[in-house]
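# Per-entry structural report
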Amino acid sequence: MAQYILPTESGHLRMAEWDGTAAVGAPTEPPITRADPLRIRPEVPAMRLRLPDPRQQGRWRRRLPALALAWAVVAALSVLPLTLGPATAAHADSGVTVAGPNRYDPATGADGLPGSVTVTPAKNLSNQVVQVSWSGFTPTVNWDGTQASVAKEGDSGVMYPVRVYQCRGADPKITDCYGNWLYGGESALGFDQPSRDVGVLAPDFPTNQQWAVTGADGSGTASIEVWSAKQSPSLGCDATHPCSIVVEPNYGGDPNDAGRVRDGAADCNDHEFDMDFDSNTATDYIVRSIGASWKTGNWTGERCAWNKRTVVPLEFSPTADDCKAAAAEFSAAGLEMANRAVQQWRSGFCEGTDPLSMQYSPAGGEPQARADFLGGTGATVALTARPDRSPAPRPYVYAPLATTGISVVYLVDDPETGRQIRSMRLNARLMAKMLTQSYTGAANVASVAGNPNCIFMDPEFRQLNPDSTLGGAHWPSSCAANAINMLPIVLGGTTDLVYQLTSWIAGDPDAAQFLQGAPDPWGMHVDSFYLRPKFPGYPVEAFQPQDFSGIVGESGDKAVWKQWEWNPLLGGLGQVARNLLQLQPTAINPDAVGGTHGKIGRQSIGQRTLFAVLDAGQARAFGLPEAALQNPAGAFVTPGLDSYRAAVDDMPLDALTGTQQLPYGTAGTDFAKDQRAYPLTTVQYAMAPTAGLADAKAKAVSTFLRRTTDPGGGQVYGAGPGQLAGGFLGLTTDQLAQAQAAVTHVAAQDGTLPGNQKAPAGDTGPATSAGDAAATGGQAAAGSTGTGSSNGAAGGDGDFAGSAGAGGATGTGAATGTPKSGTASPGAGPLDAAPVAAGRPAPDRAGAARLLLPVALVTGLVLLVGGPAALILGGTPAGARLVGGLRSGWGRLRRTGR
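### Remarks on the packing of aromatic side chains
Taken as a whole, this structure holds 21 aromatic pairs when the rule is applied. Residues Phe373 and Tyr396 carry aromatic rings whose centres are separated by 5.6 Å and whose planes lie at 90° to one another, so their mutual orientation is edge-to-face. Placement of Phe373 in helix 5 (residues 366–375) and of Tyr396 in strand 18 (residues 396–413) is noted, with a sequence separation of 23 residues between them. A relative accessible area of 1% means that Phe373 is categorised as buried. Of the residues examined, Tyr396 reaches a relative accessible area of 0% and is grouped as buried. Of the aromatic side chains, those joined through ring pairs into one cluster are Tyr178, Tyr183, Phe205 and Trp227.

See the structure below:
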């Protein structure tokens, strides 16, 4: 029998015996025997340090640190460079690089050359994820000298880890760094705080600080979510209150006079205790620990690490919350998928010489927003991704705003290295399996009998994602630890996002057969509770778990029920993102404790197996990896401007409503043959009234639409206020024409209706040209007169007065011609013709080819001679400025000529 250390429930250590077999509560790895160097296991909870007696400092204790350091040097020389930790997506804003601390050399005990730290992006920030990278740091190694792949809070076996904080101010104190043991304490006291309640460590959210490792080449990365004042009032970061990122490597030293030889003073050049298997001052154990110091009272062992900190300033962009208090000129509701874009537009439109104030509520779901808008009881404007195809009960038009996508995101770590995997393929059938609870999870009940335990055990997933495609990484080889909490984090309630996602699944032949009961080629079948007539089938507007079956454990005291494994969140996409970022699954513990079922615990970095369904705007902002989804042509495509552009080109134009959607399940379409198109691409629209608004409100709504769809304003890509947020594609030329015509109809309140719909007999709304109606995706009754009566039902905010009683039209107002791709113009043709593809989108850069058309209208010579040159220069900074100047000049000319 060998002896080893095991923590008790009270957090103390006890000795136990090891006979070579695992026992309940024993470590899964061979324990440390008396013949091994004594070390504190990483999973031991935070404990009070045992301060050593200097009279008992033996020779073995002085030699072991040197031995550990020698092991670290050998490992650093033998391990190839690694790219460690998660990395965010590329961002248009450049990063900020500052000098870092001098690199500590464990072999000599001396400091070397300074390193560097970069934060990307560091300006125009909102609530998002930024990437922190560094070079020239001391490699992070395990206690035995091998390269460490994961650093965890309080880990006593990993030397030279790195902490990353978000902190208040440009020159923060330790009490300014969120989640630190001393956060919110008295700044003047620094590390010498009186005893305090640990509840003040994270008063707003669970901590966003990160723990990371440095590779053998001295480089490392970490991704940290930064919070604006809205998410963290205690940090208070906004456009006028700067904050910063602090990168803090722990190079050891003696921060608390462990040997009691300096009257409590720190000596950060004394590395005797770096890895002495007691104090372990070069590990996060000394930072995480807190207790009563023999000299200074309440303390942490972070003094020496803090001395090596690097501070990188952050600049936050103004947000809609920073707008001056003003009465809202109109209200909008719906389409949480557009929230990132709308909030960034709002933040730019509310300032300046002509401010625009609007109220926006993304919650509640698009079906409800549409119903309220059409019934006159909702917001002035409804934002939607699906049109209403019933006869219009009030005059309105659809104005396209931007295009984005629905993203399937994931946080999955390689179980062998702990590093995040950033490449994954999924098809519609795999999504159907996860969304119908068809994996057995923790309960192999009759409804899913014989199915794989989780997606990583599914042969179909393995076929699409062989380890050979991951550059040496590996998928989890077992689901035992996380089987019950691996279904996607999704939103509850009715939304267009759910309807489109499930429409894609239902339109896929393989997924459709699976949902009808046909097993996949490996024998997996759909959960029987999702078969008709128990379940109506896809598409659906809301996710609702169907399987509540389960079993009772052999001991009779443990209920393992399917009902606990999947719980859509009613807090919307924001709550979905928050759960994912905080590594919190939505599964519920099937064991009742005190009569209640608590949440499954948070997952740990290095062991994550999380999926979620989000909008692409949030996925982009939070740097989340997005799965490549299989489109009808068989290609696997990730969300992005190019794949959105291809999908929009494939979208037919719905004659009834003048809107565009992907034609799922229809053979022979351009979309069915296009390998470039992302299958969950979504065009987003505003349903805007064209009758019943007071003059001031009509002006406000039309101004909002004009600014959001302005090629030189709301359609400019960027992170600044009023620009188009990341994850969104600008409008095509046809969509721009439709939006601009919608602006005119809303401003005039001329009674225009969607698509080829005509006003009922008796409409007294003013006439609008048939050509104008074709361009806007709406049609007014030709020959009509008057402005409409005022006896309609009153709207929720006074917008709908009079529209229900509008009537008195005469004439037919037919239009002729066929729209052509990229040539939307007044008089283009009837919208009740056969669906046609939309126009080519504008290029990614704001200006370039999008703005050559007005120049060509001035003179053919400019197009003939200057066009090629402008296209070439458009790809250069000088060219962009030239083209932008041409656009500004043409805009002034147009305004002057009106």
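### Concerning the pairing of strand 18
Judged by how many residues are buried, strand 18 sits mostly within the fold: 18 of 18 residues are covered. By the bridge criterion, nine bridges tie strand 18 to strand 26 (residues 681–689) in an arrangement that is antiparallel. Residue Ala399 lies in a different strand from strand 26, and its bridge partner there is Ala686. Sheet topology note: the strand 18/strand 23 (residues 609–615) ladder contains seven bridges and is antiparallel. Considered in strand 23, the bridge of Ser407 is made with Leu614. Pairing of strand 18 with strand 19 (residues 420–421) involves two bridges; the strand directions are antiparallel. What sits directly across from Val412, in strand 19, is Ile421.

### Quick look at the pattern of salt bridges
With the rule as written, the count across this model stands at 19 salt bridges. Where Asp413 meets Arg608, a salt bridge forms, and the shortest distance between an N and an O atom there is 2.9 Å. Residue Asp413 is located in strand 18, and its partner Arg608 is located in the loop between helix 10 (572–581) and strand 23; the two are separated by 195 residues in the primary sequence. Here Asp413 falls in the buried class, since its relative accessible area comes to 2%.

### Notes on the state of the cysteines
In this structure the tally under the stated criterion is five disulfides. For Cys167, the disulfide goes to Cys177, at an S-S distance of 2.1 Å. Linking Cys167 and Cys177, the disulfide has an S-S dihedral of approximately 100° and is accordingly described as right-handed. Here Cys167, found in strand 8 (residues 162–168), pairs with Cys177, found in the loop between strand 8 and strand 9 (210–212); they are ten residues apart in sequence, far enough to count as distant. When its relative accessible area of 0% is taken as the criterion, Cys177 is described as buried.

### Concerning the sheet that holds strand 25 (residues 636–637)
Strand order in the open sheet made by the three strands is 20-24-25, with mixed pairing throughout. Taken across any chain shown, the strands that pair with only one partner, and hence form the sheet edges, are strand 20 (425–426) and strand 25. Bridge count between strand 20 and strand 24 (residues 628–630): two bridges; the pairing is parallel. Within strand 24, the residue paired with Leu426 across the bridge is Leu629.

### Notes on the sheet that holds strand 4 (residues 110–120)
Taken in spatial order, the four strands line up as 3-4-5-10 in an open sheet, and their pairing is antiparallel. Lying at the two open borders of the sheet, with one neighbouring strand each, are strand 3 (96–105) and strand 10 (220–226). Taken pair by pair, the neighbouring strands of this sheet meet at an average axis angle of 25°, ignoring direction.

### Brief notes about the packing of helix 6 (residues 428–435) against helix 8 (residues 496–507)
Their axes nearest at 9 Å, the elements helix 6 and helix 8 cross at an angle of 120°. Considered as vectors, helix 6 and helix 8 are oriented oblique to each other. In this structure, helix 6 crosses over helix 8, and the sense of that crossing is left-handed. Between helix 6, through Ala428, Met431, Ala432 and Leu435, and helix 8, the contact on the second element is made entirely by Leu501, Trp504 and Ile505. The residue inventory of the contact of helix 6 with helix 8, partitioned by class, reads seven nonpolar, no polar and no charged.

### With respect to unusual backbone geometry
Going from Thr120 to Pro121, the amide bond is cis rather than trans, its omega being -15°. Within the element layout of this structure, Pro121 appears in the loop between strand 4 and strand 5 (128–135). With an omega of 5°, the peptide bond running from Arg532 to Pro533 counts as cis. Looking at where Pro533 falls in the secondary structure, it is placed in the loop between helix 9 (509–515) and strand 21 (550–552). For Gln437, which is not glycine, the phi torsion reads 55° and is therefore positive. Residue classification places Gln437 among the buried positions, given a relative accessible area of 0%.

### Description of the environment of Arg346
Relative to the helices and strands, Arg346 resides in helix 4 (residues 339–349). Remark: the alpha-carbon pair of Arg346 and Cys323, spanning 23 residues in sequence, is separated by 8.5 Å. Arg346 has contacts with Ala320, Cys323, Met358 and Tyr360, leaving out every residue within four places of it along the chain. Side-chain polar atoms of Arg346 contact the side chain of Gln343, separated by 2.9 Å.

Calculation rules
Residues numbered from 1 in each chain as written. Predicted model: local features only at pLDDT ≥ 70, side-chain atom pairs only at ≥ 80, totals over all residues. Heavy atoms only, no water. Phe/Tyr/Trp six-rings, centres within 6.5 Å; stacked < 30°, edge-to-face > 60°. Helix = DSSP H or I, 4+ residues; strand = E, 2+ residues; numbered from the N terminus. Buried < 20%, exposed > 50% of the residue type's maximum accessible area, 1.4 Å probe, protein only. Pairing = 2+ DSSP bridges. Salt bridge = Lys/Arg side-chain N within 4 Å of Asp/Glu carboxyl O. Disulfide = S-S within 2.5 Å. Axes fitted to C-alpha atoms, helices over the stretch in contact; angles between N-to-C directions. Parallel < 35°, antiparallel > 145°, perpendicular 65-115°, else oblique. Left-handed = near helix turned anticlockwise from the far one by under 90°. Contact = heavy atoms within 4.5 Å. Nonpolar A, V, L, I, M, F, W, Y, C, P; charged D, E, K, R; others polar. Polar contact = N/O pair within 3.5 Å; in protein donor to acceptor, adjacent residues only side chain to side chain.

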